[in-house]
Amino acid sequence: MDGSQSASRLCSDHQSLVGGGDDQAEFYKRKISALKDTLNRREGERRAKRSKSSSQTKPGRGIQKVVDLYHDLVDLLEKADKHAAEVTLDPTELEEINAIDFLGFKEEEIDNERKDRKRCHVRLRLLNTLIPGFQDNIDKTEYLATFLAPLQQGANDARSHDTIVLRRAVADWLNHRIPSPIPPLSSLSKADRGTTNDITGRLLCPVDYKWDDPEVRANLRNMAPGFDFASSFFLRYLYENESGDPESPDIGFLKGPLVVRAYRLIFTSPSSAGNENDASEVTSRRRDVATSLRLNGHVTVRSVVYAATQLVFSLNDSREWKHVYAGLHYPSLYNFIVDFFELPEDPASKLNITCLLQWWNRKIFPTTPGRSSTSVPRTAMVGSQKRLDKARARRAHTTERA
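Per-chain numbering applies: the sequence of each chain, read as written, is numbered from 1 onward. Per-residue local features of the predicted model are confined to residues with pLDDT of at least 70, and side-chain atom pairs are confined, for both listing and counting, to 80 or more; whole-chain, interface and lining totals are unaffected and use all residues. In computing side-chain values, all of the structure's heavy atoms are included and hydrogens and water are not.

Novice: Which residues make up the packing of helix α6 (residues 107–130) against helix α15 (residues 330–342), and what values go with them?
Specialist: Packing of α6 against α15 brings their axes to within 12 Å, and their N-to-C directions diverge by 70 degrees. Between α6 and α15, the crossing angle belongs to the class labelled roughly perpendicular. Our pair here, α6 against α15, has a crossing hand that is left-handed. Packed against α6, whose contacting residues are Asp-116, Arg-119 and Arg-123, the element α15 presents Tyr-334, Asn-335, Val-338 and Asp-339 at the interface. Along the lines of polarity and charge, the residues of the contact of α6 with α15 split into two nonpolar, one polar and four charged. To get an axis, fit a line to the C-alpha atoms, keeping to the stretch in contact for a helix; angles then go from 0 to 180 degrees between the N-to-C directions. Counting from the N terminus, the helices are the DSSP runs of H or I reaching at least four residues and the strands are the DSSP runs of E reaching at least two. Working definition: roughly parallel below 35 degrees, roughly antiparallel above 145 degrees, roughly perpendicular at 65 to 115 degrees, and oblique for all remaining angles. Should the near helix be turned anticlockwise from the far one by less than a right angle, the crossing is left-handed, and should it be turned clockwise, the crossing is right-handed. Contact between two residues is taken to exist if any of their heavy atoms lie within 4.5 Å; hydrogens are not considered. Throughout, the ten residues Ala, Val, Leu, Ile, Met, Phe, Trp, Tyr, Cys and Pro are labelled nonpolar, Asp, Glu, Lys and Arg are labelled charged, and all others, Gly among them, are labelled polar.

Take a look at the structure:
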């Protein structure tokens, strides 16, 4: 329709409207109805698009929480495959491949890479458990990128959400402590956190240093020789009393009250984060993350490590999620804690890890059958029943003699 036709059409519409009030009202009713239909159709299309996107990314939201925080999926699969090759390939063929893969690597770097490949192989098994049909889909190589992209997006989105929520919560928790930060921490920015803040600096300080000593604090902040925040992963915030023994760093390790609260906030509900000394109790009626990830009332190693790593990021003053900040290598911290749980070196260490996980289960899921403080452990049940049987037998024997 050219300009003259449009003008003619407008004139015709105008003349028809001028002709009578009823015609004018009907005209506008039709126009409004058509506009409503268009808006409803477009909103339906937007909702369908959002729903489709959500359904594709949702399965990935648990990946970084309970599988692997730092490897993207493509890298994880590549390293898992290389570990499998080291087990299955002919030694000669493997040697040729490694000569290319490890070209220019030092012995320590080769050892670390092999350890990382082994970790990724374990994490691939966890992925297969977390996401039904994962292995079948990655075997269809022609669809691999299409399959992995929304899962990776879901994983990244979930991590970003947890980072924001925890940043706000940490400010609230520390501002209500005694002593509290002066001035109070902002919930909108982390610029006032990190090692320059006395409260967060203490939590980030390795147990090797006496943070309460002003001279030690000054040396740490000035990075004086022999004083390095990043020299150890035994950081105070990870400890039961936020203080540990450098000679026995495993005692109280990974029992930090803030780590417990961070775990509750992320995996159960904000209300369950409660007070530092309160037992966890889920009061929200919505389906919590732990249930969605089918944790079944049991804390997993990587979920604890995820909470601990998210927390250290909330305590520092980094503006964005980084692998290295202020000298601390976060993927190495993550892997160190995973290995602490999963690679104990002796029977005593294995027993300590078992006890530690039991401690975590009591903290996070105290009402799980057989674990609640109000339920009777099986050992007590059996022992009590035996004592009761003996007492009854004695009474019966006495009655018979009488």
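What follows picks up the thread again.
Novice: Tell me about the environment of Asp-346, and please be specific about residues and values.
Specialist: With respect to the secondary-structure elements, Asp-346 resides in the loop between α15 and α16 (347–364). Under the relative-accessibility criterion, Asp-346 is labelled partly exposed at 31%. Whenever a nitrogen or oxygen atom comes within 3.5 Å of another N or O atom, the pair is scored as a polar contact, on the condition that within protein one atom can donate a hydrogen and the other can accept it, and that pairs from neighbouring residues in sequence are kept only if both atoms are in side chains. A polar side-chain atom of Asp-346 sits 3.1 Å from the main-chain amide nitrogen of Ala-348. In this scheme, a residue with accessible area under 20% of its type's maximum is buried, one over 50% is exposed, and one in between is partly exposed, where area comes from a 1.4 Å probe on protein chains only.

Novice: Describe the nonpolar core, with residues and values.
Specialist: The set of buried Ala, Val, Leu, Ile, Met, Phe, Trp, Tyr and Cys residues whose side-chain atoms join them within 4.5 Å is what this entry labels a nonpolar core. The biggest cluster of nonpolar side chains holds 72 residues, and the ones touching the most others in it are Phe-134, Tyr-237, Leu-238 and Trp-360. It is helix α8 (residues 144–175) that provides the largest number of residues to this core, a total of ten residues. Those residues in contact with Phe-134 that lie beyond four places of it in its chain are Leu-77, Leu-124, Leu-127, Asn-128, Phe-147, Leu-148 and Leu-151. One finds Cys-205, Tyr-209, Trp-211 and Val-216 within the second-largest nonpolar core, a separate group that totals six residues.

Novice: Tell me what's going on with unusual backbone geometry, and back it up with residues and numbers.
Specialist: Geometrically, the link from Ile-178 to Pro-179 is a cis peptide bond, its omega value of 0 degrees lying close to zero. Mapping Pro-179 onto the fold places it in the loop between α8 and α9 (198–204). Between Ile-182 and Pro-183 the backbone carries a cis peptide bond, its omega angle lying at -5 degrees. Here Pro-183 lies in the loop between α8 and α9. For Arg-294, which is not glycine, the phi dihedral falls at a positive 55 degrees. As for its position among the elements, Arg-294 is in the loop between α13 (289–292) and α14 (301–315). Assessed through its relative accessible area of 43%, Arg-294 is described here as partly exposed. At Asn-296, a residue that is not glycine, the phi angle is positive and equals roughly 55 degrees. Within the secondary structure, Asn-296 sits in the loop between α13 and α14.

Novice: Could you give me a rundown of the packing of α14 against α15, with the residues and numbers involved?
Specialist: Remark: α14 packs on α15, axes separated minimally by 10 Å, with the N-to-C direction vectors making an angle of 150 degrees. When the axes of α14 and α15 are compared, the crossing they make is right-handed. Where α14 abuts α15, its residues Val-301, Arg-302, Val-304, Val-305, Tyr-306, Ala-308, Thr-309 and Val-312 lie against Tyr-330, Leu-333, Tyr-334, Ile-337, Val-338, Phe-341 and Glu-342. Class assignment of the residues belonging to the contact of α14 with α15 gives a composition of twelve nonpolar, one polar and two charged.

Novice: Can you lay out a negative patch on the surface for me, pointing to particular residues and giving the numbers?
Specialist: Residues qualify for a patch when their relative accessible area is over 30% and they have no salt bridge, like charges being joined within 9 Å and the nonpolar side chains of Val, Leu, Ile, Met, Phe, Trp and Tyr within 5 Å. Areas reported here follow the Shrake-Rupley algorithm with a probe of radius 1.4 Å; residue values treat only the protein chains shown as occluding. We define a salt bridge as a side-chain nitrogen of Lys or Arg found within 4 Å of a carboxyl oxygen belonging to Asp or Glu. Neither His nor the chain ends is counted toward charge; the positive residues are Lys and Arg and the negative residues Asp and Glu. Here the site of a charge means NZ on Lys, CZ on Arg, CG on Asp, or CD on Glu. On the surface, Asp-90, Glu-93, Glu-95 and Glu-96 cluster together into a patch of negative charge. Relative to the helices and strands, Glu-93 is located in helix α5 (residues 91–101). On the basis of relative accessible area, Glu-93 is assigned to the partly exposed category, the value being 39%.

Novice: I'd love a proper account of the packing of aromatic side chains, names of residues and values included.
Specialist: Where two aromatic rings form a pair, the distance of their centres and the angle of their planes describe that pair. Stacked, tilted and edge-to-face are the three classes applied to pairs of Phe, Tyr and Trp rings, where Trp contributes its six-membered ring and a pair requires centres within 6.5 Å; stacked means planes under 30 degrees apart, edge-to-face means over 60, and tilted covers the rest. Summed over all chains, the structure comprises 18 aromatic pairs. A ring pair is formed by Tyr-239 and Phe-253, whose centres lie 5.4 Å apart and whose planes are at 50 degrees; its orientation type is tilted. Pair noted here: Tyr-239 is in the loop between α10 (214–221) and α11 (257–267) and Phe-253 is in the loop between α10 and α11, with a separation of 14 residues, a long-range link. Each member of the pair, Tyr-239 together with Phe-253, is buried. The criterion is that NZ of a Lys, or CZ of an Arg, lies within 6 Å of the ring centre and within 35 degrees of the ring normal, and then a charge sits over that ring. The side chain of Lys-190 reaches across the aromatic face of Phe-313, ending 3.5 Å from its centre.

Novice: How would you explain the side chain of Arg-217 if you had to name every residue and give the values?
Specialist: The topology assignment puts Arg-217 in helix α10. Look at Arg-217: it is buried, it has no salt bridge, and the nearest opposite charge is Asp-198 at 4.1 Å. Here Arg-217 is in contact with Asp-198, Trp-211 and Asp-212, once residues within four sequence places are set aside.

Novice: Outline the confidence of the model for the chain, listing residues and values.
Specialist: Averaged over every residue, the pLDDT of the chain is 84; the share at 70 or more is 80%. pLDDT is a per-residue confidence score from the predictor, ranging from 0 to 100. Within the chain, the lowest mean pLDDT, 48, falls on helix α1 (residues 3–18), and the highest, 97, falls on α14. Here residues 372–378 is modelled with pLDDT under 50, and outside its nearest four sequence neighbours on either side it reaches five contacts, counting other chains as well.

Novice: Can you lay out the pattern of salt bridges for me, pointing to particular residues and giving the numbers?
Specialist: Inspection of the entire model under this criterion finds 17 salt bridges. The shortest N-O distance in the salt bridge between Lys-65 and Asp-162 comes to 2.9 Å. Separated by 97 residues along the polypeptide, Lys-65 in helix α3 (residues 63–66) and Asp-162 in helix α8 bring together distant segments of the chain. Note on Lys-65: relative accessible area 5%, which makes it buried.

Novice: Account for α15, naming residues and giving values.
Specialist: The end-to-end C-alpha distance of α15 is 18 Å, a good match for the 18 Å that 13 residues give at a rise of 1.5 Å each. Buried residues along α15 sit in contact with α6, α14, β1 (324–325), β2 (328–329) and α16. To estimate the expected span of a helix, subtract one from its residue number and multiply by 1.5 Å.

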